[in-house]
Amino acid sequence: MKKIYKMENLECASCAAKMEDAISKLEGVNSVSISFISQKLTIDADEELLPKIMKKAVKIISKIEPDCEIIL
Amino acid sequence: MTRKQRKSLYCIILSALLLIAAKLTDKFSTLSLALYIAAYLSVGFMPLKKAFRNITRGNVFDENFLMAIATIGAFILREYTEGVAVMLFYRVGELFESIAVGKSRKSISALMDIRPDIATILRDGEELEVSPDEVMVGETILIKAGGKVPIDCEITEGNSSVDTSALTGESLPREVTVGDRLQSGCINLSGVIKARTVCDFGSSTASKILELVETAADKKSKSEAFITRFARYYTPIVVFSALALAVIPSHIFGSPSEWIRRALIFLVISCPCALVISVPLTFFGAIGSASKNGILIKGSCYIEQLAKASHTVFDKTGTLTKGCFKVVGCECEGISEKELLELAAHAEKSSTHPIARAIVEKYGKQLSLPVSDIRELSGMGIVAVVGEKTVAVGNKKLMEKVGAQVTEGNCTAGATEVLVATDGRFVGRIFISDEIKQDAKESMDKLYELGIRNRIMLTGDNEESAKKIASLLSLDSYRARLLPYDKVEAVEELLKNKTDDGTLVFVGDGINDAPVLTRADVGIAMGGLGSDAAIEAADIVLMDDKLCKLPLAIRLSRKAVSIARQNIVFALSVKLIVLLLGALGYAGMWLAVFADVGVSVLAILNAMRTMKK
């Protein structure tokens, strides 16, 4: 299932790349892409695992860029 | 400026004042040291805090951390001014960068501003303003003059003209009336319209276009992929070289503090930000500005591919020509013209093929004869029983099949001929012609100017009419008499025989050429507005029917690719040169900060050029 989330305060482009890299390694994620310019996260993942994945994704994002938030 | 940016600005001003004060006091006095530290902390506090936080989370190669080491290192070496100035300069650059990014984000979203925010619906005779999400299929909505069409709908009451420029780039308003379909994202210019929604918000045109454009970043271009890979190795390599530079030469040449100072310069340049921001921004800007012109590009990778186009292959009907056929003449054998048209029209009555429609239209009378046993023979034509006669309408192959002897006739140049036989006897031919699009010739010339020397037309038509159109448009070559699946083969053959490393672009109407669209390097569908099939199948969609958007799209992509290249070369060479000068002792930290944030800002400004025409 494909979903798009909005992000806020994404300020560093290489951080976006790091987040993308880390989230793509989570279990159940088929593909993920973070657009620095439109501040959007597009994720394609198993539907059942998605809530779990997003929880982990939030953690990853705040670890890499503490001010950055994802709007679930 | 956002609040955060303003705060940064105050910190920078404060720090600059403190730095001046420190410079005015006695060197090496306690007061001056205190002033230096105060100046440093007012700009350095945030990066230090971030660096500390990231260290505790195991992020060593963080930009803030490297900056902190570099500046604290300068303090330890008693280069106070340099330590403060580097941090100050870094913050100034970051501020510029943040402003530039914010600005380009805003201009990109302005380019794609087609999302309707509000819908006025009529429920039980009352007007209600709701979010477009809440409107259900089949509800009646009210669109006032100046309002955006929120959801795809069909007009039930009222006349008006609508501005489709947000979707198609076409500035001429379109007249609409009861029964016409409106796409979301259009703007109602004059009267009040009542309309019935035909789908929900999520599957409306505007939402679909936005989704496409916004996820276009998923399909990354080669240069973006290169940059991401490069960034992953760049920082660690620079940091380790800094370490090596601090330790190794001082063991050979002595004077460790000088080498440490040079190593600190490396740390300042170690962030690959300029590249990581500017290259995707370049492509994104191009996608935004293309969509403003009614060209939907589904991914940055297609920009790169399109920029390299060397072959453009066109479907004829609906792409080079208008796709609206007209009967331009008949030739009869033994029956009257009226009878010929009558028989053909009845046989073709249930077919949706544009040629069939043209014949029925030309006949223009009630189709009252009984028709039975209609068989459509793919690639040949139609056989049906009309009245008591078996009528065959189609091409030469069909005539052979039914055993009709076709007599030679005059061929009207440029027209398609449809042959008719009754009970196995040839009775005449109908000439049907299609008009060439107005901008077709001009577009072909523009493609030639862009250096594209292989402009090829594929068509199912006969040799004669294909030749005529090809020469009218001065195409480089054409292939006639192709059945739908022959087109895929023709494209495959062209791909195989291509000698240059350019790409092959196929342009079609997207309705029945989906396999060809996918087979070509870049598949472009025309007339995407209102056609989901075209939007699905193609890599690039031209929202209206204008062929002149193709040269425009190629120009835009070439510009984007060249700007991306400029940015890569510029940022990398500045960084490498400063690294080299730094190692040799010719570059100070000031220059290093410029190579870091200064280059980022310049690269972003350069990238933003894609958004201008």
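It should be emphasised that the depicted structure is a prediction, and the values quoted were computed from it without experimental measurement. (Residues numbered from 1 in each chain as written. Chains lettered and ligands numbered in written order. Predicted model: local features only at pLDDT ≥ 70, side-chain atom pairs only at ≥ 80, totals over all residues.)

Student: Can you lay out unusual backbone geometry for me, pointing to particular residues and giving the numbers?
Tutor: Note: most residues except glycine have negative phi, and most peptide bonds are trans. Residues and elements named next belong to chain A. At Asn-9, a residue that is not glycine, the phi angle is positive and equals roughly 60 degrees. With respect to the element layout, Asn-9 can be found in the loop between β1 (2-8) and α1 (13-24). On the basis of neighbour counts, which here come to 12 C-beta atoms within 10 Å, the residue Asn-9 falls in the exposed class. (Helix = DSSP H or I, 4+ residues; strand = E, 2+ residues; numbered from the N terminus. Buried ≥ 20, exposed ≤ 12 C-beta atoms within 10 Å, placed from the backbone.)

Student: Break down the sheet that holds strand β16 (residues 416-422) of chain B for me, citing the residues and quoting the values.
Tutor: Residues and elements named next belong to chain B. Spatial strand order, β12-β17-β16-β15-β14-β13: 6 strands in an open sheet with antiparallel pairing. In this open sheet, the two edge strands, each paired with only one partner strand, are β12 (321-332) and β13 (371-377). The mean inter-strand angle of the sheet, taken between neighbouring strand axes irrespective of direction, is 20 degrees. Pairing of strand β14 (residues 381-386) with strand β15 (residues 389-394), which is carried by 6 bridges, proceeds in the antiparallel orientation. When the bridges of β15 are listed, Gly-381 appears paired with Gly-394. The strands touched by helix α13 (residues 354-363) within the sheet are β12, β16 and β17 (425-436), with β12 carrying the most contacts at an inclination of about 55 degrees. (Pairing = 2+ DSSP bridges. Axes fitted to C-alpha atoms, helices over the stretch in contact; angles between N-to-C directions. Contact = placed C-beta atoms within 7 Å.)

Student: I'd like a rundown of the environment of Val-29 of chain A, residues and numbers included.
Tutor: Residue and element names in this part refer to chain A. Secondary-structure assignment places Val-29 in strand β2 (residues 29-35). As for Val-29 and Ala-17, which are separated by 12 residues in sequence, their C-alpha atoms are 16 Å apart. In this structure, Val-29 is in contact with Ile-23, Ser-24, Ile-43, Ala-45 and Ile-53, ignoring residues within four places of it in sequence.

Student: Describe the domain arrangement of chain B, listing the residues and the values that go with them.
Tutor: Partitioning chain B into structural domains gives domain 1 (136-199) and domain 2 (322-435). Relative placement of domain 1 of chain B and domain 2 of chain B: their C-alpha centres are 40 Å apart. (Domains from an automatic or database assignment.)

Student: I'd like a description of the interface of chain A and chain B, backed by residues and values.
Tutor: Chain A puts 13 residues into the contact, and the matching count from chain B is 18 residues. Of all the secondary-structure elements, those providing two or more residues to the side of chain A that touches chain B are α1, β2 and β3 (40-45) of chain A. Ranked by the residues each element gives to the side of chain A that touches chain B, the list is headed by α1 of chain A, at 3 residues. Broken down by class, the residue content of the side of chain A that touches chain B amounts to 5 nonpolar, 5 polar and 3 charged. (Nonpolar A, V, L, I, M, F, W, Y, C, P; charged D, E, K, R; others polar.)

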